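Residue-level listing of the chains:
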Amino acid sequence: MNLASPSNVRVVLAELGINPGKARGQNFLVDRNILDIIVRAAGITAEDRILEVGAGLGILTAELAARAGQVTAVEIDRRLHDHLSRQFNDRANLSLLRADIMDTDLESLAGGDNCKVVANLPYSIASRLLVDLADLRKPPAVVVATVQREVAERLCAMPGNADYGALSVLMQSVYDARIVHRRISASCFWPKPGIESSVAKLERKPGGSQDVRARRIFKEIVRSFFMQRRKQALSLL
């Protein structure tokens, strides 16, 4: 079935008894052009290990599994997870995990040089998850994600820009960030979100494993600075 069609998506969701909800960020991608942009930006090879967060009905999952050596697709909704299990039961390189990504062992799922995170991230968790990925001992080599446009702007903002903040510093200390596709219309999703989205790409900077304790201290300092912008730097330190 063509999942790049709102009418087909509505039919499948109705059969599964799913009424998409904001709480879980269930806005399903229905635009083939945006799908192609995400996949091309990820530059997937047979050596790659992919983590997808929020697999939904599997429109991106199918493309990832066709290219990567190993794909782990995480989906929190039981009905969607069961549907994916039936749809992809012949894919030996695909593992489906029913879980809340924020409660998983990210180090085992996403850590390492050959790991890429490729996902249409639920808006409600995008910033938190990206920071958690950057905090790993060995962060994923590449992240390509559809996120809220304002989040993408903050990820890539430079000093002096109004969007520059704690998220910019924390992510750019680990990754080179750029926006691959700046404006994704709400009509590219069903149901339509009330916001615009962007595709952002993060490529890990050269370096070995991180000192997790040092990273934690660094994060506390950065957040303190941006929460109390009017204080002098010396007193904050």
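Here, every reference points to the structure presented above.
An account of the accompanying structure is given in this report. As the structure is a computational prediction, the values presented were derived from the model and not from experiment.

**Examining the overall build of the protein chain**
Turning to step 1, where the next piece is worked out: Secondary structure assignment for the protein chain yields ten helices and nine strands.
Turning to step 2, where the next piece is worked out: Taken over C-alpha atoms, the radius of gyration comes to 18 Å for the protein chain, in line with the 18 Å a tight globule of 237 residues would show.
Turning to step 3, where the next piece is worked out: In terms of overall dimensions, the protein chain has C-alpha extents of about 60 × 35 × 30 Å along its principal axes.
Turning to step 4, where the next piece is worked out: For the protein chain, buried positions account for 50% of its 237 residues.
Turning to step 5, where the next piece is worked out: Counting only contacts in the protein chain whose residues sit at least 6 apart along the sequence, the fraction spanning at least 24 positions is 68%.

**Re the sheet that holds strand β9 (residues 197-204)**
Backbone hydrogen bonds are what pair the strands of a sheet, in a parallel or an antiparallel way.
Turning to step 1, where the next piece is worked out: Spatial strand order, β4-β3-β2-β5-β6-β9-β7: seven strands in an open sheet with mixed pairing. Two strands in the sheet have a free side with no partner beyond their single neighbour: β4 (94-98) and β7 (175-184). Across the sheet, the axes of successive neighbouring strands diverge by a mean angle of 20°, strand direction being ignored.
Turning to step 2, where the next piece is worked out: Across seven bridges, the pairing between β7 and β9 is antiparallel. Across the sheet, Arg 178 pairs through a bridge with Lys 201, a residue of β9.
Turning to step 3, where the next piece is worked out: Contacts between helix α4 (residues 78-87) and the sheet are confined to β3 (70-75) and β4, with β4 contributing the most and set at about 160° to the helix.
Turning to step 4, where the next piece is worked out: Seen against the sheet, helix α6 (residues 126-134) touches β2 (49-53), β5 (115-120), β6 (142-148), β7 and β9 and runs at an angle of roughly 165° to β6.

**Some words on the packing of helix α1 (residues 6-16) against α4**
Turning to step 1, where the next piece is worked out: Between α1 and α4, the shortest axis-to-axis distance is 10 Å and the interhelical angle comes to 110°. It follows from the interaxial angle that α1 and α4 lie roughly perpendicular. Of the residues in α4, those touching α1 at Val 12, Leu 13 and Leu 16 are Arg 79, Leu 80, His 83 and Arg 86.
Turning to step 2, where the next piece is worked out: Considered class by class, the residues forming the contact of α1 with α4 number four nonpolar, one polar and two charged.

**What to know about the environment of Arg 137**
Turning to step 1, where the next piece is worked out: Along the chain, Arg 137 turns up in the loop between α6 and β6.
Turning to step 2, where the next piece is worked out: Classification of Arg 137 as partly exposed rests on a relative accessible area of 41%.
Turning to step 3, where the next piece is worked out: In this structure, the C-alpha to C-alpha distance between Arg 137 and Gly 112, residues 25 residues apart in sequence, is 8.8 Å.
Turning to step 4, where the next piece is worked out: Arg 137 has contacts with Glu 107, Ser 209, Gln 210 and Val 212, leaving out every residue within four places of it along the chain.

Basis of the calculations
- Residues numbered from 1 in each chain as written.
- Predicted model: local features only at pLDDT ≥ 70, side-chain atom pairs only at ≥ 80, totals over all residues.
- Heavy atoms only, no water.
- Helix = DSSP H or I, 4+ residues; strand = E, 2+ residues; numbered from the N terminus.
- Rg over C-alpha atoms; globule rule 2.2 N^0.38 Å.
- Buried < 20%, exposed > 50% of the residue type's maximum accessible area, 1.4 Å probe, protein only.
- Contact = heavy atoms within 4.5 Å.
- Pairing = 2+ DSSP bridges.
- Axes fitted to C-alpha atoms, helices over the stretch in contact; angles between N-to-C directions.
- Parallel < 35°, antiparallel > 145°, perpendicular 65-115°, else oblique.
- Nonpolar A, V, L, I, M, F, W, Y, C, P; charged D, E, K, R; others polar.

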